[in-house]
Amino acid sequence: LVLSLAWLGPALGDEEKDEEVVAEEEKEKEEDEVLSDEIKEEDNVLVLHEHNFARALSEHQLLLVEFYAPWCGHCQHLAPAYTQAATQLRNESSLARLGKVDATAQTALANEFNITSYPTLKLFRNGNRTHPLPYTGITDTQGIVRWMQRRAGPSATLLHDIDTANTFANSQDLVVIGFFKDLKGKAAQAFYEVAVEMVDMLFGVAEAAELFQAYGLSVDTVCLFKKFDERQTNFPVDPTRGLDTAEITRLLRVHSLRLVMEFNKETSNQIFSSKIPHHMLLFLNKSSSEQLALQDGFKSAASTFRGEVLFVVVDVNGYGADVLSFFGMTPADAPTLRLVKMENNRKYQMEQDSFSDTAIHTFIQAVLDGKVKPHLLSAEPPEDWDTRPVKVLVGKTFEQVAFDETKNVFVKFYAPWCSHCQAMAPAWEELGERYKDREDIVIAEMDATANELENITIHGFPTLHYFPAGQGRKMVEYKSARDVETFSKFLENGGMLPVEPPVVTKTPGNSTGKEDPSVLGTDETRDEL
């Protein structure tokens, strides 16, 4: 046995030594790989770090780089579309490539390019490291591909003759052709810039005199061709000011929409992103032929307000059913009209619905001229609204409570579906219990999805406002911690938090990265029709 152990001992020792050597060799190998400028790929996406970044820029004329964090939910959501776009570009032998950087591990690169949120996408052109361009496209596969393709090749197709131009103009639902007598002039160059950004439309250019004549043009003109509404819309270039890229982009966006849009899953993003300041809505039941006939007068009124008011038809029993509560409506209220001012979601309605083009035109003009007051939603107050520790306010009771000159009123504006509101509800109830016997302090709440106020617009949930006693209708927004003790300090100090001595702490690392968009912070927001 002793002999056996004596024989096994050295062998076991040698095995442990061999494992240590292997581990050390693997560690050195990993360090060599990190220090190497070799560029590896994952699903056709270049894996970039501090030591191979310069090589990647030198080898790839167009390189879109995603700076991500492994824990970021938005990054994880983007990943499939990003890899699919990378694969499609690679298969097309495009000059454009996609890369990625773990910004939490590659802090030098994150600091160099000022990465403060995830994911951040930047485009590097021709090896230029100092002036990358921000990604401005849609973050789905085709959006990324089209955005990169426009930058890899000509942003607009040169059209030489009438047959080619006609075929091109009819090739898609929306086609833009710029007619310029000098394709090297400033107007044409500005047009190319617009084409690079508007990747969801097909762009062409023409300079041949026969093409000007064929399309009835005599001066430099940008033309939008559509397979709906008017076939050709012309935007002549101002000979003095030239082609304003922002203005022509706005005009193309406005006129690319149908004169009357139908609200559905496919069009909702177009409607909300149109940047048209007012939306005129016709709510109807599409199963009723009588109600469908009302669209004629609605459409007749639309052209006058193009660019200022977007006309939208909403089916109350279809996709539009989900937005009815925002207007305090039910399907039984159809047919009816509403106008929405998009900057503050103020809603306007006729005293008596009238669906003729003249009546609609007159109503819209009156709203635009400031002659119509907004229609404000208000729920009915519960019978015990003012006997609860937390008073329940509605639109019609808000003024008398919040602006009572003898009381300091602290109001929580919430949405029933908001998880942040639900999380702080117990603290708000406890606060109400704590101050229920105070004559000078009122703790209240209001469902901001069912009630609206003329001079206060709520953008996120929960929103907390403090209305101090006294004259002047003052309002203070509370933006600190949402716990009972901090709330109490705020109330006891007259609507402000006492100044606390600064606490110096050491923060590990220097990353300030956060998920983008910012709605993952403390408030919940929503898009609304």
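Note that residues are indexed from 1 along each chain, following the sequence as it is written. Local features in this predicted model are restricted to residues whose pLDDT is 70 or higher, and side-chain atom pairs enter the listing and the counts only when it is 80 or higher, whereas totals over whole chains, interfaces and linings include all residues. Excluded from the side-chain calculation are hydrogens and water; included are all heavy atoms of the structure.

In the nomenclature of an unreviewed UniProt entry, the protein is known as protein disulfide-isomerase of Neopipo cinnamomea. Under the heading Sequence similarities (unreviewed entry), UniProt records this for the protein: "Belongs to the protein disulfide isomerase family." Note on the protein: under the UniProt heading Catalytic activity (unreviewed entry), the record states "Catalyzes the rearrangement of -S-S- bonds in proteins." UniProt positions are given in the numbering used here, feature names are shortened, and annotations may be inferred rather than shown by experiment.

Caption draft 1: Focus on the overall build of the protein. Each helix corresponds to a stretch of at least 4 residues labelled H or I by DSSP, and each strand to a stretch of at least 2 residues labelled E; elements are numbered beginning at the N terminus. What the protein contains, in helices and strands, is 16 helices and 23 strands. Burial classes: relative accessible area under 20% of the type maximum marks a residue as buried, over 50% as exposed, and values in between as partly exposed (1.4 Å probe, protein chains only). Looking at the protein as a whole, 42% of its 529 residues qualify as buried. Taking the intrachain contacts of the protein between residues at least 6 apart in sequence as the baseline, contacts between residues at least 24 apart amount to 69%. Pairs of residues are marked as contacts when any of their non-hydrogen atoms sit within 4.5 Å.

Caption draft 2: Local environment of helix H7 (residues 186-197). Here the expected length of a helix is defined as 1.5 Å per residue gap, with one fewer gap than residues. Its 12 residues give H7 an end-to-end C-alpha distance of 17 Å, which sits within 8% of 16 Å, the value for a rise of 1.5 Å per residue. Listed as buried for H7 are Ala187, Ala188, Ala190, Phe191, Val194 and Ala195. For H7, the arc enclosing every buried residue in end-on projection is 160°, short of the 170-degree limit, so these residues lie on one face. Seen from the open side of H7, the exposed residues pointing more than 90 degrees away from its buried face are Lys186 and Glu193. Read the arc as the range of directions from the helix axis to the C-beta atoms.

Caption draft 3: Main features of the confidence of the model for the protein. For the protein, per-residue confidence averages 88 on the pLDDT scale, and 88% of positions sit at 70 or higher. You can read pLDDT as the predictor saying how much it trusts each residue, on a scale of 0 to 100. Per-residue pLDDT, averaged within each element of the protein, yields its smallest value for helix H1 (residues 2-35) (45) and its largest for strand E11 (residues 221-226) (98). Here residues 1-17 scores under 50 on pLDDT; set against residues more than four positions off or in separate chains, the count is 0 contacts. In the model, residues 516-529 has pLDDT below 50 throughout and makes 43 contacts with residues more than four positions away in sequence or in other chains.

Caption draft 4: Local environment of the side chain of Gln291. Relative to the helices and strands, Gln291 resides in helix H11 (residues 289-292). Residue Gln291 is classed as buried on the basis of its relative accessible area of 13%. Any pair of N or O atoms that falls within 3.5 Å is considered a polar contact. Within protein, one atom must be able to donate a hydrogen and the other to accept it, and sequence-neighbouring residues count only if both atoms are side-chain atoms. A distance of 2.6 Å separates a polar atom in the side chain of Gln291 from the backbone nitrogen of Asn285.

Caption draft 5: Structural detail: the environment of Val260. With respect to the secondary-structure elements, Val260 resides in strand E13 (residues 260-262). Residues Val260 and Leu281 lie 21 residues apart in sequence; the distance between their C-alpha atoms is 9.7 Å. Apart from the residues lying within four places of it in its own chain, the contact partners of Val260 are Phe298, Lys299, Ala302, Phe311 and Val313.

Caption draft 6: Region of interest: the sheet that holds strand E12 (residues 232-236). An order of E8-E10-E9-E11-E12 is seen for the 5 strands of this open sheet, with the pairing classed as mixed. Of all the strands in the sheet, just strand E8 (157-158) and E12 have a single pairing partner and so form its edges. In this analysis, strands are considered paired if DSSP registers two or more bridges between them. Direction of pairing for strand E9 (residues 174-179) relative to E11: antiparallel, over a ladder of 6 bridges. Bridge pairing in E11 places Leu174 opposite Lys226. Axis definition: a line fit to C-alpha positions, over the contact stretch in the case of helices; interaxial angles, taken between N-to-C directions, run 0 to 180 degrees. Helix H6 (residues 162-169) contacts E8, E9, strand E10 (202-206) and E11 of the sheet and is inclined by roughly 145° relative to E9.

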